[in-house]
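Given next are the chains, with one letter for each unit.
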Amino acid sequence: MTEMASTNHFLEVKQIESFYGQIQALNGVDLYIDKGEIVTLIGSNGAGKSTTLKSISGQVQPKKGTIHFEGKEIHKNQAHQTALLGIAQVPEGRRIFPRLTVRENLLVGAFAVKDKKAIADRMERVCGYFPRLKERMDQPGGTMSGGEQQMLAMGRALMMKPKLLMLDEPSMGLAPIIVQQIFDIIKELNKEGMTILLVEQNAYQALQIANRGYVIQTGNIVLEGKGSELMTNQLVREAYLA
Amino acid sequence: MLQHIIQLLPQVLVDGITLGFVYAVVAIGYTMVYGILELINFAHGDIFMTGAFIGSGFLFLFISLGLMSSLPALLVFLIVIILSAMITGGMGVAIERVAYRPLRKRNAPKLIALITSIGISFILEDLVRFIAEWKTGNYIVTAPSLFNHTFTIDIHSIMPFFNNAKFQSSFIVVLVVTIIMLIGLDLFVNKTKWGMAMRAVAQDRETASLMTINVNRVISVTFFVGSALGGATGVLFMLQYGTIDPYIGFILGIKAFTAAVLGGIGNIRGAMFGGLMLGLIEMFAAANLSTLTGGLFGSEYKDVFAFIILILVLIFKPEGLFGKATIEKV
């Protein structure tokens, strides 16, 4: 129970160290997110952005350190247990189920939901955000374009009705106009109350919509601050906004 | 020569379809597990064999309790096949838990799991042999028959170029039950929530777990369904062919696996088709090889014939008849 008292942030990551096989990818990462925030984690390739997300979602179990979500210890969870608590991760590269239809992809997101009416409501909401999906319901997910797949991946995560939505490089490989649409929807979701953790290489765009940001380098958080502050920070400007 | 082949065709069809449906259901067990774990579960053929022995065990038990004469054969059959399927299904789940899951947890190479499955296969064979010898004094068991009325399809009087085909009433039972199982499984996989979860896990296990799916539970369900179907097919085999021994699972397993590869491993409908095709080819070869080769090769070469077909298919279409050679977008 002392665990409960030690944290009062919505999500709190403390001193986690995670490994990929023998290689240490995180050397004690600290970060927190409060309810209703958009927080972004920026850094270059291989800095540990995805590993941080995977450690939170339970895909990678940290060897050291703690992660608490709404006061509950989650760093020993398996991925589906953490997901059931209300943390959804939109994985890097979208990871659509290629041979499931769009509808089935979305239904997988609502796997834990028993109430058919609730599922139908969520489906309708998701189609509200992404009208394109509605037209393609019965098409296999793998046949869609990159942008549509990103929408589907986000829609699938929203079917979980998460409390915390984590997005791993949602802009990767997409045309600027699509990136703009995706970021608009992220902002809209946040306005409706959803807490968001956004991992991006596209630092400029991410910092523009974020309340706060962290900069990660070789497995360490080297900088944190408000989005607007980071945007004007010398190091960030040189390394990520150049 | 052609005339002779045509004459035998009705009987070839009857026998080939029976055997083919048996292969088809067993092939599904291989293909489902492969689809999810990329594991060729060599123990699956022995689950089939164990089902046959459990089924005959129940029949002997019913006889000793004097239930056989008081209950209709069909009811006895249903009780026996359902009980046997439940038991073999449970065995499949237990085997996965004890033998495969610990390997997965430690990220053992897939080859290790494959070798483990061969080990499980030997354990099952010896265990069944031990129990059968202990209970009956012999490991080759002649099962009590339930459906042995013989029918003749009098096709000769309508189409004189055909000979008549004969079959036992168990043929109809095998046919009806396997078709029910195949349709039921197809509906389960394509129309239910757990079937969808199974397909999702097969396509991307990590992402499925991010979507609240308990992957281990889906794997357990897969093993239960595959093993229950395999065990039920063992019961059907026992009724149809009468004599069983602890090694029937080996060769039948290899052939069912072949059927799964023929249809494109991982593809359930492919496995069904592959099984049916293999059964038909095999029976065709058994009936006609001697005629076709002028007596050089007898029907005992039927397996070679079936495997040559397999090799030919794989040379020209390595992904199997229904396999997907698709490139997935990242």
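Nothing here was measured: the structure is a model prediction, and the numbers come from that model. (Residues numbered from 1 in each chain as written. Chains lettered and ligands numbered in written order. Predicted model: local features only at pLDDT ≥ 70, side-chain atom pairs only at ≥ 80, totals over all residues. Heavy atoms only, no water.)

S.K.: Which parts of the structure should I look at to understand the domain arrangement of chain A?
M.R.: All names here are of chain A. Here the domain parsing of chain A yields domain 1 (1-86 + 164-242) and domain 2 (93-161). Here the C-alpha centroids of domain 1 and domain 2 sit 23 Å apart. Across the domain 1/domain 2 interface, buried area totals approximately 1200 Å², and carbon plus sulfur atoms make up 75% of it. At the junction of domain 1 and domain 2, the tally comes to one salt bridge. (Domains from an automatic or database assignment. Buried area = accessible area lost by both parts, 1.4 Å probe. Salt bridge = Lys/Arg side-chain N within 4 Å of Asp/Glu carboxyl O.)

S.K.: Which parts of the structure should I look at to understand the sheet that holds strand β11 (residues 212-217) of chain A?
M.R.: Strand pairing within a sheet occurs via backbone hydrogen bonds; the two strands may be parallel or antiparallel. Residues and elements named next belong to chain A. What the six strands build is an open sheet, ordered β8-β9-β10-β5-β11-β12; its pairing is mixed. Of all the strands in the sheet, just β8 (87-90) and β12 (220-226) have a single pairing partner and so form its edges. Pairwise comparison of adjacent strand axes, ignoring direction, gives a mean angle of 15 degrees for this sheet. Relative to strand β10 (residues 195-200), strand β5 (residues 38-42) runs parallel, the two being bridged by five bridges. Bridged to Val39 within β10 is Leu197. In the packing of helix α2 (residues 49-57) onto the sheet, contacts are made with β5, β8, β9 (164-168), β10 and β11, and the angle to β9 comes to roughly 150 degrees. (Pairing = 2+ DSSP bridges. Helix = DSSP H or I, 4+ residues; strand = E, 2+ residues; numbered from the N terminus. Axes fitted to C-alpha atoms, helices over the stretch in contact; angles between N-to-C directions. Contact = heavy atoms within 4.5 Å.)

S.K.: Even after reading the chapter, I still don't get helix α5 (residues 169-191) of chain B, so can you show me in this structure?
M.R.: Every α-helix carries 3.6 residues per turn, so stepping three or four residues along brings you back to the same face. Counted at 1.5 Å a residue, the expected span for α5(B) with its 23 residues is 33 Å, and the 33 Å between its end C-alpha atoms agrees. Taken together, the buried positions of α5(B) are Ser169(B), Ser170(B), Phe171(B), Val173(B), Val174(B), Val177(B), Thr178(B), Met181(B), Leu182(B), Leu185(B), Asp186(B) and Val189(B). (Expected span 1.5 Å × (residues − 1). Buried < 20%, exposed > 50% of the residue type's maximum accessible area, 1.4 Å probe, protein only.)

S.K.: Help me out: how do you make sense of unusual backbone geometry in this one?
M.R.: Peptide bonds are trans in most cases, and residues, glycine excluded, mostly fall at negative phi. If you check the backbone angles, Thr218(A) has positive phi at about 35 degrees while not being a glycine. The topology assignment puts Thr218(A) in the loop between β11 and β12. One non-glycine residue, Thr212(B), lies in the positive phi region at around 70 degrees. One can find Thr212(B) in the loop between α7 (205-210) and α8 (215-241).

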